[in-house]
Amino acid sequence: SLHDALPISLATGATTDEINPPHLSVLLCKLPQDIIPDEEVRRLILGTTVVHEYFHTITWGLLNDPDKEIQLPDGQITQGAAFIKNMFGKAAEAHSPVSHYSSGYRNEDNTFQEREGSTDLAIEEEFVETLTTLTLGFASGNLRDVTIDPLDDREDLKSICLDFLGAIPVATKSTDKEIAT
């Protein structure tokens, strides 16, 4: 399939050193016309990819700093990584993958695949794909599986994603000190 053969994008350049704030750069690849002749389809694929990679720039910071906290719309404060891995991850395993792309991170029994002893990457990819699906209103996959509302049967995941999208970062102690001085 195209998904298996053609790298479309990459979130790269991650830093966590003290001089540079944590950040990712999103690199998009040009889709060859001989593989995807329709210009509108190429633009749709790249547009979807930009949204997907944008969400990686948010989740990466939370997953790579387990102490980072977020405040949910109801006022509850939680660690961002724990929210993604526990709240979303556990709920998502009760459902089939949201997209063809995220299915590549699942085992045959629908559990998340481990890579290097962790399911973090698989959960992050499913989360990012679910956020992308919620934002755009569609997911990639077999046309027989396409519905008007791809998350219609996943109200729990939709609710978790909406809570995440409405969350605000909680200032860390080092940030509080910098603001005070």
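Since the structure is predicted, the reported quantities are computational estimates derived from the model, not experimental observations. (Residues numbered from 1 in each chain as written. Predicted model: local features only at pLDDT ≥ 70, side-chain atom pairs only at ≥ 80, totals over all residues. Heavy atoms only, no water.)

Moving on, we get to the packing of helix 5 (residues 120-136) against helix 6 (residues 155-165). At a closest axis distance of 10 Å, the pairing of helix 5 and helix 6 adopts a crossing angle of 85°. Relative to helix 6, helix 5 is oriented roughly perpendicular. Seen from helix 5, the contacting residues are F127, T130, L131 and L134; seen from helix 6, they are L157, K158, C161, L162, F164 and L165. The residue makeup of the contact of helix 5 with helix 6, split by class, is eight nonpolar, one polar and one charged. (Axes fitted to C-alpha atoms, helices over the stretch in contact; angles between N-to-C directions. Helix = DSSP H or I, 4+ residues; strand = E, 2+ residues; numbered from the N terminus. Parallel < 35°, antiparallel > 145°, perpendicular 65-115°, else oblique. Contact = heavy atoms within 4.5 Å. Nonpolar A, V, L, I, M, F, W, Y, C, P; charged D, E, K, R; others polar.)

So, about the pattern of salt bridges. As enumerated under the stated definition, the model contains five salt bridges in all. R106 is the salt-bridge partner of E126, the closest N and O atoms lying 3.6 Å from each other. Placement of E126 in helix 5 and of R106 in the loop between helix 4 (100-103) and helix 5 is noted, with a sequence separation of 20 residues between them. One salt bridge in this structure joins D153 and R154, with 3.4 Å as the shortest N-O distance. Under the relative-accessibility criterion, R154 is labelled buried at 7%. (Salt bridge = Lys/Arg side-chain N within 4 Å of Asp/Glu carboxyl O. Buried < 20%, exposed > 50% of the residue type's maximum accessible area, 1.4 Å probe, protein only.)

A surface patch of nonpolar side chains, about 210 Å² in accessible area, is lined by V26, L28 and V50. Structurally, the position occupied by V50 is in helix 2 (residues 39-63). (Patch = residues over 30% accessible without salt bridge, like charges linked within 9 Å, V, L, I, M, F, W, Y side chains within 5 Å. Areas by Shrake-Rupley, 256 points an atom, 1.4 Å probe, with all protein chains shown as cover.)

This brings us to the side chain of T132. Within the element layout of this structure, T132 appears in helix 5. Ignoring anything within four residues of it in the chain, the contact list for T132 reads T48, V51, H52, F55 and G137.

Another aspect to go through is the nonpolar core. Judged by nonpolar contacts, the single largest core of 24 residues is most densely connected at I70, F83, I84, F88, F127, L131 and F164. If you list the elements that add at least two residues to this core, you get helix 2, helix 3 (80-92), helix 5 and helix 6. Sequence-distant contacts of F164, defined by excluding residues within four places in its chain, comprise I58, T59, L62, I70, F83, I84, F127 and L131. (Core = buried A, V, L, I, M, F, W, Y, C linked by side-chain atoms within 4.5 Å.)

Here we come to the confidence of the model for the protein. With 77% of its residues at a pLDDT of 70 or more, the protein has an overall mean of 82. Scored below 50 in pLDDT, residues 1-7 shows nine contacts in the model against residues more than four places distant or in partner chains. Long-range and interchain partners of residues 175-181, a stretch whose pLDDT sits below 50, account for one contact in this model, where long-range means more than four residues apart. (pLDDT = per-residue confidence, 0-100.)

The next subject is the packing of helix 3 against helix 6. In the contact formed by helix 3 and helix 6, the axes pass within 9 Å of each other and the chain directions differ by 160°. Judged on the interaxial angle alone, helix 6 and helix 3 are roughly antiparallel. When you trace helix 3 past helix 6, the crossing you get is left-handed. Across the interface between the two elements, F83, I84, M87, F88, A91 and A92 from helix 3 touch D156, L157, I160, C161, D163 and F164 from helix 6. (Left-handed = near helix turned anticlockwise from the far one by under 90°.)

Once that is clear, we can look at the packing of aromatic side chains. According to the stated counting rule, one finds five aromatic pairs in the structure shown. Taking the centre distance of 6.2 Å and the plane angle of 15° together, the rings of F83 and F164 count as stacked. Taken together, the positions of F83 in helix 3 and F164 in helix 6 put the pair 81 residues apart, joining distant regions of the chain. A residue is classified by how much of its surface remains accessible, and F83, at 2% relative accessible area, is buried. For F164, a relative accessible area of 7% puts it in the buried group. Pairing F127 with F164 gives two aromatic rings, centres 4.9 Å apart and planes at 75°, and the pair type is edge-to-face. (Phe/Tyr/Trp six-rings, centres within 6.5 Å; stacked < 30°, edge-to-face > 60°.)

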